[in-house]
Amino acid sequence: MLFGAHVSSGGGITNAIGRAADLGCEALQIFTQSSRQWRATNHPEELLAAYRSEAAAAGIAYSLCHAIYFINLASTDPDVAAKSRLALATTVGVAARIGADTCFHVGSHLGAGLDATLANIVDGISPALDALGDDEWLLLENSAGAGDTIGRDIDELARVVAAVDHPRVGLCIDTCHIFVSGVDIREAAIVDSLLDDVDRRVGLHRLRALHVNDAAAKLGSNRDRHANMLEGEIGERMGVLLSHPALAHLPAILETPGPEGKGSDAEEVRRLRATHANGASARQLNGARDESDER
Ligand SMILES: [Zn+2]
Ligand SMILES: [Zn+2]
């Protein structure tokens, strides 16, 4: 597993690399433009060109670009739809230059239902697919399930992935979002069935990244409130998901508030690693116990 965190790319996109390395990360996530503006950032050519080698030198093996939150590919408002298409394609274009995957929130059907807006979504993603690099992926993130947001469960994400029908469109699962949308990932059997579901409906090879966030809100509350590692409703049980053998190769990226609300710090990354390690030893112990039961 590659452990990482969302970091600022302020002052130049390559600045994110040093920030992530200082936290002890092997993976990072950035915004490629201000997350609260439609306007794209103009990245200097030399920084884009330098990114891959600087990341490799700093031990950053995986980068993920998070598209802005305003994007709503399901919108029937032509202005919002056009801006959404452009914003997503622009981020994917930057990601292609630096060798990063892109993740985004599909948006909200605003009461129309997923079926009624699926054609808009497919259409809205298409410029992003044109901008996608040869090795990079575009990842749909599951939503916390509030209001009419799309991606509240694997079924909705699977329908979008099937409709888009592209070999490098996949999923990023956010642990806080999946928990508040009612999947109790503290339980090993539920994690197993979640991943079975992903495998059957989407294909496990399309699950490319995890956002690891504890939840400040209750199971099934649909409230998107991230908590620091070990400080929310999931707590130490985050290790159940993190240590699942099917996820061993994935990047696990924190988007936690951090102790001062300024983002995940080195202690958060340390807790992430420790929670994974503890989950793995609990799993081994349980495995050994099961074997001795069989004897
Ligand atoms: Zn997100
Ligand atoms: Zn997330």
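Placed above this text is the structure.
Trainee: Whenever I open this one, the packing of helix H2 (residues 45–57) against helix H3 (residues 78–98) confuses me. Can you help?
Mentor: The axes of two packed helices give the description: the angle between them and the distance between them. Interaxial distance between H2 and H3 falls to 7 Å at its minimum, and their mutual angle equals 55 degrees. Between H2 and H3, the angle is such that the two are oblique. The residues of H3 that touch H2, namely those facing Glu-45, Leu-48, Ala-49, Tyr-51 and Arg-52, are Val-94, Ala-96, Arg-97 and Ile-98. Looking at the contact of H2 with H3 residue by residue, the class counts come to six nonpolar, no polar and three charged.

Trainee: Could you clarify how one ought to interpret the sheet that holds strand E6 (residues 169–174) in this entry?
Mentor: Two strands in a sheet stick together by hydrogen bonds in their backbones, pointing the same way (parallel) or opposite ways (antiparallel). With parallel pairing, eight strands are arranged side by side around a closed barrel as E1-E2-E3-E4-E5-E6-E7-E10. Strand-to-strand, the axes of this sheet are offset by a mean angle of 30 degrees, without reference to chain direction. The pairing of E6 with strand E7 (residues 207–212) spans four bridges and is parallel. Within the sheet, the bridge partner assigned to Ile-173 lies in E7 and is Leu-210. Against the sheet, H3 contacts strand E2 (27–31), strand E3 (62–66), strand E4 (101–104) and strand E5 (138–141), and its axis sits at roughly 155 degrees relative to E4.

Trainee: Help me understand the pairing of E2 in this model?
Mentor: Side-chain positions along a regular strand alternate between the two faces of the sheet. For E2, the tally of buried residues reaches five of five residues, placing the bulk of the element in the interior. Side chains Ala-27, Gln-29 and Phe-31 of E2 all project onto a buried face; the interleaved residues Leu-28 and Ile-30 project onto the opposite face, where all are buried too. When strand E1 (residues 2–6) meets E2, the two strands line up parallel, connected through three bridges. Pairing of Gly-4 across the sheet is with Ala-27, part of E2. In this region the chain leaves E1, passes through helix H1 (residues 15–22) and returns to the parallel neighbour E2; the handedness of that crossover is right-handed.

Trainee: What am I meant to see in the coordination of the zinc ion (ligand 1) here?
Mentor: Tetrahedral coordination by four donors places them ideally at 109.5 degrees to one another around the metal; octahedral coordination by six donors ideally gives 90 or 180 degrees. On the protein side, the zinc ion (ligand 1) has His-66 (NE2), His-105 (NE2) and Glu-141 (OE) as donor atoms, found 2.0 to 2.2 Å from it. In the primary structure, the donors to the zinc ion (ligand 1) are separated according to the pattern H-x38-H-x35-E. The metal-metal distance between the zinc ion (ligand 1) and the zinc ion (ligand 2) comes to 3.4 Å, with Glu-141 coordinating both. Of this pair, His-66 sits in strand E3 while Glu-141 is found in strand E5, placing the two residues 75 residues apart along the sequence. His-66 sits in the buried class, given a relative accessible area of 2%.

Trainee: Just to check I follow, could you spell out the coordination of the zinc ion (ligand 2) for this structure?
Mentor: The coordination sphere of the zinc ion (ligand 2) contains the protein donors Glu-141 (OE), Asp-174 (OD), His-211 (ND1) and Glu-255 (OE), at a distance range of 2.1 to 2.2 Å. Between the four donor atoms coordinating the zinc ion (ligand 2), the angles at the centre fall across 87 to 174 degrees, so the site counts as irregular. Mapped onto the sequence, the donors of the zinc ion (ligand 2) take the spacing E-x32-D-x36-H-x43-E.

Trainee: Looking at this model, I keep getting lost on the packing of aromatic side chains. Mind explaining?
Mentor: Both the distance between ring centres and the angle between the ring planes are used here to describe each pair of aromatic rings. Tallying each qualifying case throughout the model produces two aromatic pairs. Arranged with centres 5.7 Å apart and planes meeting at 75 degrees, the rings of Phe-31 and Tyr-69 form a pair that is edge-to-face. With Phe-31 in strand E2 and Tyr-69 in the loop between E3 and H3, this pair connects stretches of sequence that are 38 residues apart. Consider the rings of Trp-38 and Phe-70, whose centres lie 5.5 Å apart with planes at 50 degrees: the pair is tilted. Taken as a pair, Trp-38 in the loop between E2 and H2 and Phe-70 in the loop between E3 and H3 lie far apart in primary sequence, 32 residues in all. The class of Phe-70 is partly exposed, set by a relative accessible area of 34%.

Trainee: What am I meant to see in the pairing of E7 here?
Mentor: The element E7 is largely enclosed, with a buried count of five among its six residues. As paired elements, E7 and strand E10 (residues 251–254) share three bridges and run parallel to each other. Counterpart to Val-212 in the pairing with E10 is Leu-254.

The rules behind the values
- Residues numbered from 1 in each chain as written.
- Chains lettered and ligands numbered in written order.
- Predicted model: local features only at pLDDT ≥ 70, side-chain atom pairs only at ≥ 80, totals over all residues.
- Heavy atoms only, no water.
- Axes fitted to C-alpha atoms, helices over the stretch in contact; angles between N-to-C directions.
- Helix = DSSP H or I, 4+ residues; strand = E, 2+ residues; numbered from the N terminus.
- Parallel < 35°, antiparallel > 145°, perpendicular 65-115°, else oblique.
- Contact = heavy atoms within 4.5 Å.
- Nonpolar A, V, L, I, M, F, W, Y, C, P; charged D, E, K, R; others polar.
- Pairing = 2+ DSSP bridges.
- Buried < 20%, exposed > 50% of the residue type's maximum accessible area, 1.4 Å probe, protein only.
- Right-handed = clockwise from strand over helix to strand, strands pointing away.
- Donors = N, O, S within 2.8 Å, 3.2 Å for Na, K, Ca; no water.
- Tetrahedral: all angles 85-135°; square planar, octahedral: opposite > 155°, others 65-115°.
- Phe/Tyr/Trp six-rings, centres within 6.5 Å; stacked < 30°, edge-to-face > 60°.

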